[in-house]
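# Examination of the molecular architecture
Now for the letters of each chain:
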Amino acid sequence: MITVTIAVKGSASDEFPADFAIVHFTHQFTAPARSEALAEGNAVVAQLRVTAAHAGGGVREMKVRSLRVEEMFNFVGPDHVREKSGWTALVAGELLVEPGDVPEVVAAINEVGVSITHISWHLDPDTEARAQRAVRRLAVADAADAANDFAMALGATLGRLNTLADPGLLGAASLQNIGRASWAGCPRRRGRQPRHAMREST
């Protein structure tokens, strides 16, 4: 009996609804004095906290990533003499929001005068773990189907599995070696979520 080793890759994707959204916001303004810029920045943060607390109850958490105050200068005349022109303050942060409450939260933030830079969609850790396992099982099944197709094309019967590996857990060298030694040596797991969920690929 002649034994032939078939190395294949399996791939799969699926879609999962998001568990929460991250609304990224920013607000920039100028003031004649540093103390005024800092005070207004703190006032904006305080107003955002009040707004988040009354925006439908769907805000899980508010995070202020930065409150930066910097002095500004103008360069005047042919000699480009530097002159002070006030202070600028930049507030940046994010709100973790339940998916169904995103429109209301965004509208409330816009009313405060704060800009939304972008919205990203995410899964909770336990949901993401379940999704990864589900997609991984689909990828393994896809690899098995591919190996069986090869065997049938050769007029042979698919034998036992030699080696199974997740590319996300191996380096390129290890993956290449294992791929040569197994019929389902390289199942590729790729989770693809819709626009309202986090994207993950391996």
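Since this is a predicted model, take the numbers as computed values, not measurements. (Residues numbered from 1 in each chain as written. Predicted model: local features only at pLDDT ≥ 70, side-chain atom pairs only at ≥ 80, totals over all residues. Heavy atoms only, no water.)

### A look at the pattern of salt bridges
Cut-off, in case you're wondering: Within this document, salt bridges are pairs made up of a side-chain nitrogen of Lys or Arg and a carboxyl oxygen of Asp or Glu, the two lying within 4 Å of each other. Strands here mean DSSP runs of E at least two residues long; helices mean DSSP runs of H or I at least four residues long; both are numbered from the N terminus. Throughout this description, buried means an accessible area under 20% of the type-specific maximum (1.4 Å probe, protein chains only), exposed means over 50%, and partly exposed covers the range between.
Within this structure, the stated rule accounts for 6 salt bridges. Note that R60 is salt-bridged to D124, the shortest N-O span being 2.9 Å. Pair noted here: R60 is in strand β3 (residues 59–76) and D124 is in the loop between β5 (115–122) and α3 (125–153), with a separation of 64 residues, a long-range link. Of the residues examined, R60 reaches a relative accessible area of 39% and is grouped as partly exposed.

### Details of the confidence of the model for the protein chain
To keep things clear, this is the line we draw: The pLDDT value tells you how sure the predictor is about a given residue, anywhere from 0 up to 100. In this analysis, two residues are considered to be in contact whenever any of their non-hydrogen atoms come within 4.5 Å of each other.
Confidence in the prediction of the protein chain, expressed as mean pLDDT, is 79, and 81% of residues score 70 or more. Ignoring residues within four places in sequence, the model shows residues 169–202, a span with pLDDT below 50, making 112 contacts including any to other chains.

### Some thoughts on the packing of aromatic side chains
Applicable threshold: Whether two aromatic rings pair depends on their centres lying within 6.5 Å, for rings of Phe, Tyr and Trp, where Trp uses its six-membered ring; planes under 30 degrees apart make the pair stacked, over 60 edge-to-face, and the rest tilted. We count a charge as sitting over a ring when the NZ of a lysine or the CZ of an arginine lies within 6 Å of the ring centre and within 35 degrees of the ring normal.
Throughout the structure, instances matching the rule amount to 0 aromatic pairs. Above the ring of F73, the side-chain terminus of R82 is found at 4.0 Å from the ring centroid.

### A closer look at the nonpolar core
Defined as follows: Take the buried Ala, Val, Leu, Ile, Met, Phe, Trp, Tyr and Cys residues and link them wherever side-chain atoms come within 4.5 Å; each set so joined is a nonpolar core.
Counting 27 residues, the largest nonpolar core has F25, L48, L95, V97, V105 and I109 as its most contacted members. For L95, the contacting residues outside a window of four places in its chain are A21, I22, V23, F25, A52, V59, E61, M62, V105 and I109. Counting 6 residues, the second-largest nonpolar core is a separate cluster that includes F16, L123, V135 and A139.

### Considering helix α2 (residues 102–112)
Within an α-helix, residues lying three or four positions from one another point in the same direction, as the helix has 3.6 residues per turn. Heads up, the rule is: It is the directions from the helix axis to the C-beta atoms that the arc portrays.
All buried positions along α2 are accounted for by V102, V105, V106, A108 and I109. Each buried residue of α2 sits inside an arc of 165° when the element is viewed along its axis, so together they form one side. For α2, the exposed residues lying more than 90 degrees away from the buried face are P103 and E111. Its buried side turned inward, α2 meets β2 (20–31), α1 (34–53), β3, β4 (81–97) and β5. Just beyond α2, the residue with positive phi is G113, at close to 95°.

### With respect to α1
We apply this condition: For a helix, the expected span equals 1.5 Å multiplied by the number of residues minus one.
Given a rise of 1.5 Å per residue, 20 residues ought to cover 28 Å, and the 29 Å separating the end C-alpha atoms of α1 matches this to within 8%. When we look at burial in α1, the residues that qualify are A37, G41, V44, V45, L48, T51 and A52. Seen from one end, α1 has its buried residues packed into an arc of 125°, which puts them on one side. In α1, the exposed residues that point more than 90 degrees away from the buried face are S35 and A53. On the buried face of α1, the contacting elements are β2, β3, β4 and α2.

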